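Descriptive analysis of the structure
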Amino acid sequence: MTTAIAQTNVPTPASVVPPGQQPAPAQAAPAVTKPNEPTTTASTWTLVRTIVLPRPGVASLDRRGTLYVADAQNNVRQYGADGQLLNTYSPPLPGHVAQIEAWNTTKILVFYDDRQELLLLDRFAAPISQFNLLDLLDGTARATTLAPDDRLWLLNESDLTLRQFDPAQPRNTRNTPLDLLIGRSKPDFRFLREYQNNLYLVDRVNGIYVFDNLGNYRKKLPFANLNTVGFRGDELYFLADGAVQLFHLYNLTQRALPLPIPAAEVRQVLLGEGYAYLFTAAGVQVYKL
């Protein structure tokens, strides 16, 4: 389901490429759609609204279809499912928004990688609490996400470990070393998300590592060159080969959803139940599916 800037300093190496400097989506592993599998056509896209938002950053959808987007000044903008602006959160301090996670619905997580801080917002985009990650781990967090039980998953780039924290304590509850999985490769971790009792860690170099909700390694999906992924129903989706690729998590089939505009213009895509959101350099196009 899936896949940020008025900062005073250049983002740390932990940053995903900031808005305005993002390259066109890289091509992932070739699609493996079966010959007899139907492919959805671009005629199913109906444009309903264009959100003017120059250089939009990272974004996330909650389960109600509410859209959260970081703008070029690191404000977090909240939109209704049809693209109407609802609220805006403006941080008191400048920082680079590296990730927004809204799937929890009641709490929206905002990760500032240059400040190594986590901010939790309520469903009205008002602040609830804030955590300094330098107090939680000895190292630098590269990616983070919020579990359904409100615990935090962090990817510690300094020692290549996947850690779970209980913010109510706070204390480290899980610790999964990644060095044996990675081997001698040089990983480039970009995204972390828990979905349907599994944890998905996107490595742009090696693919998508899948763990259970206790941090135990399960398998790796061979989709490289990705910055982010999304989830919709029982499918994982991402941009590749000029289309939205949808990979079924259980029967392992794959299908392609052609884009309604040239693929070179699309930086990110989010799919909701009734609407889809295409991110370009000029803003967000909202389509009815």
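Above this text is the structure in question.
**Some words on the side chain of His248**
- Relative to the helices and strands, His248 resides in strand 20 (residues 243-248).
- Accessibility expressed as a relative area gives 18% for His248, which makes it buried.
- At a separation of 3.1 Å, a polar atom in the side chain of His248 contacts the main-chain amide nitrogen of Tyr250.
- Sequence-distant contacts of His248, that is, excluding residues within four places in its chain, are made with Asp234, Glu235 and Thr253.

**What about the packing of aromatic side chains?**
- Under the defined criterion, the tally for this structure stands at eight aromatic pairs.
- Aromatic pair Trp45 and Tyr287: ring centres 5.4 Å apart, planes at 90 degrees, arrangement edge-to-face. One end of the pair, Trp45, is in the segment before strand 1 (46-52); the other, Tyr287, is in strand 24 (residues 283-288), with 242 residues separating them in the sequence.
- For Tyr287, a relative accessible area of 5% corresponds to the buried category.
- Members of the aromatic cluster, connected to one another through ring pairs, are Trp103, Tyr195, Tyr200 and Phe231.
- Above the face of the Tyr112 ring, Arg115 is positioned so that its terminal group lies 4.3 Å from the ring centre.

**Some details on the pattern of salt bridges**
- For the structure shown, the criterion picks out 10 salt bridges.
- The residue Arg163 makes a salt bridge to Asp159 at a minimum N-O spacing of 2.8 Å.
- One salt bridge in this structure joins Arg255 and Glu235, with 2.8 Å as the shortest N-O distance. Of this pair, Arg255 sits in strand 21 (residues 254-258) while Glu235 sits in strand 19 (residues 235-240), placing them 20 residues apart in sequence.
- Classification of Arg255 by relative accessible area gives partly exposed; the value is 23%.
- Using a relative accessible area of 12% as the deciding quantity, one classes Glu235 as buried.
- Overlapping salt bridges, with partners in common, bring together Arg142, Asp188 and Arg190 in one network.

Rules and cut-offs
- Residues numbered from 1 in each chain as written.
- Predicted model: local features only at pLDDT ≥ 70, side-chain atom pairs only at ≥ 80, totals over all residues.
- Heavy atoms only, no water.
- Helix = DSSP H or I, 4+ residues; strand = E, 2+ residues; numbered from the N terminus.
- Buried < 20%, exposed > 50% of the residue type's maximum accessible area, 1.4 Å probe, protein only.
- Polar contact = N/O pair within 3.5 Å; in protein donor to acceptor, adjacent residues only side chain to side chain.
- Contact = heavy atoms within 4.5 Å.
- Phe/Tyr/Trp six-rings, centres within 6.5 Å; stacked < 30°, edge-to-face > 60°.
- Lys NZ or Arg CZ within 6 Å of the ring centre and 35° of its normal.
- Salt bridge = Lys/Arg side-chain N within 4 Å of Asp/Glu carboxyl O.

Keep in mind these numbers describe shape, not what the thing actually does.
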